[in-house]
Amino acid sequence: EAAPDGLPAPLAHGLVAGDGLAGLRASLHARRQADANRIGFLCTLAEAYEVEFDEVVEALASQLTTFGGAGTPLVSEFIGLELGPLLGCSEQAANGQLADALDLKHRHRPLYDAVQALEVDAHRALAVAHRCHGLCEESAAEVSRRWLRLQHRLTYSGSLKLAEQLIIEVDAEAAAR
């Protein structure tokens, strides 16, 4: 039975601040876990996805292409066709999400590991990986290594400004492009 404010009856009548805080913490932890799982599953799917040759005519056989930056695995060009509807977005948007996830896992491994350990929010880490897409592998790894040490003290926008500053410091030429 629900109370007039929409809360389940036991919560509506006996809710105290501590219960609200505990519930909020649990829901934020669950969201962080779900975001980390989503990135991991996107990468797993991309790394294992293939279209069986028996399923298509030769002219439509899947080609492997790079979605992420340098150092990421080749992925079937058709993966976005399946990911888009699953994620509720266009093929291009799905390919962009996949590129960021692959960049995070393969070019920013300590950052990916921190997301999987729920130490860094996935959206922060993905935003940094996205900004580093044009960098070489070594520069991308350097930016994420330095960013990871400092980002926890900053707001979301502050952490992105830090990433942009680090990109300029590490590779000013790439940052200018």
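Residues numbered from 1 in each chain as written. Predicted model: local features only at pLDDT ≥ 70, side-chain atom pairs only at ≥ 80, totals over all residues. Heavy atoms only, no water.

Asker: It is not clear to me how the overall build of the protein should be interpreted in this structure. Could you clarify?
Answerer: When helices and strands are counted, the protein shows 9 helices and 2 strands. Each helix and strand of the protein, ordered N terminal to C terminal, gives the series α-α-β-β-α-α-α-α-α-α-α. In the protein, which comprises 177 residues, the proportion classed as buried is 36%. (Helix = DSSP H or I, 4+ residues; strand = E, 2+ residues; numbered from the N terminus. Buried < 20%, exposed > 50% of the residue type's maximum accessible area, 1.4 Å probe, protein only.)

Asker: What's the story with the packing of helix 3 (residues 79-87) against helix 4 (residues 91-107) in this structure? I'm lost.
Answerer: Helix-helix packing: each pair is described by the crossing angle between the helix axes and the interaxial distance. Between helix 3 and helix 4, whose axes approach to 8 Å, the crossing angle comes to 100°. Of the possible angle classes, the one that applies to helix 3 and helix 4 is roughly perpendicular. Residue-level contacts link Ile79, Gly80, Leu81, Leu83, Gly84 and Leu87 of helix 3 to Glu91, Ala94, Asn95, Gln97 and Leu98 of helix 4. Of the residues belonging to the contact of helix 3 with helix 4, the class tally is 6 nonpolar, 4 polar and 1 charged. (Axes fitted to C-alpha atoms, helices over the stretch in contact; angles between N-to-C directions. Parallel < 35°, antiparallel > 145°, perpendicular 65-115°, else oblique. Contact = heavy atoms within 4.5 Å. Nonpolar A, V, L, I, M, F, W, Y, C, P; charged D, E, K, R; others polar.)

Asker: Hey, could you run me through helix 7 (residues 137-150) in this one?
Answerer: Taking 1.5 Å per residue, 14 residues should reach 20 Å; helix 7 reaches 20 Å between its end C-alpha atoms and fits that length. Among all positions in helix 7, only Ser139, Ala140, Val143, Ser144, Arg146 and Trp147 are buried. In this fold, the buried residues of helix 7 make contact with helix 4, helix 5 (109-116), helix 6 (122-131) and helix 8 (156-170). (Expected span 1.5 Å × (residues − 1).)

Asker: Got a minute to help me understand the nonpolar core in this structure?
Answerer: General note: in soluble globular proteins, nonpolar side chains tend to be found buried as a group. Grouped together as the largest cluster of nonpolar side chains are 38 residues, with contacts concentrated most on Ile79, Leu98, Leu104, Val115 and Trp147. When contributions to this core are tallied by element, the ones reaching two or more residues are helix 2 (17-48), helix 3, helix 4, helix 5, helix 6, helix 7 and helix 8. Here this core takes 6 residues from helix 4, the largest share from any one element. Residues contacting valine 115, with those up to four places away along its chain left out, are Ala36, Ile39, Leu104, Val120, Asp121, Ala122 and Ala125. (Core = buried A, V, L, I, M, F, W, Y, C linked by side-chain atoms within 4.5 Å.)

Asker: Before we go on, may I ask you to explain the environment of histidine 106 in this structure?
Answerer: Here histidine 106 lies in helix 4. Taking the C-alpha atoms as reference points, histidine 106 and cysteine 43, separated by 63 residues in sequence, lie 9.4 Å from one another. With residues up to four places along the chain from it excluded, the contact list for histidine 106 reads Glu47, Gly71, Thr72 and Pro73. In this structure the side chain of histidine 106 is engaged in a polar contact, spanning 2.6 Å, whose partner is the side chain of glutamate 47. (Polar contact = N/O pair within 3.5 Å; in protein donor to acceptor, adjacent residues only side chain to side chain.)

Asker: Mind showing me how you'd approach the packing of helix 4 against helix 5 here?
Answerer: Where helix 4 contacts helix 5, the two axes come as close as 5 Å, and the packing angle between them is 110°. The angle between helix 4 and helix 5 places the two elements in the roughly perpendicular class. Within the contact between the two elements, helix 4 uses Leu104, Lys105 and Arg107 and helix 5 uses Arg109, Leu111, Tyr112 and Val115.

Asker: When you look at the pattern of salt bridges in this model, what are you seeing that I'm missing?
Answerer: Two side chains bearing opposite charge may form a pair once their charged atoms approach each other closely. Inspection of the entire model under this criterion finds 9 salt bridges. Where aspartate 113 meets arginine 109, a salt bridge forms, and the shortest distance between an N and an O atom there is 3.0 Å. Of this pair, aspartate 113 and arginine 109 are both found in helix 5, 4 residues apart, which corresponds to roughly one turn of the helix. On the basis of relative accessibility, which here comes to 37%, the residue aspartate 113 falls in the partly exposed class. Members of the salt-bridge network, linked through shared partners, are Glu142, Arg145, Arg146 and Glu169. (Salt bridge = Lys/Arg side-chain N within 4 Å of Asp/Glu carboxyl O.)

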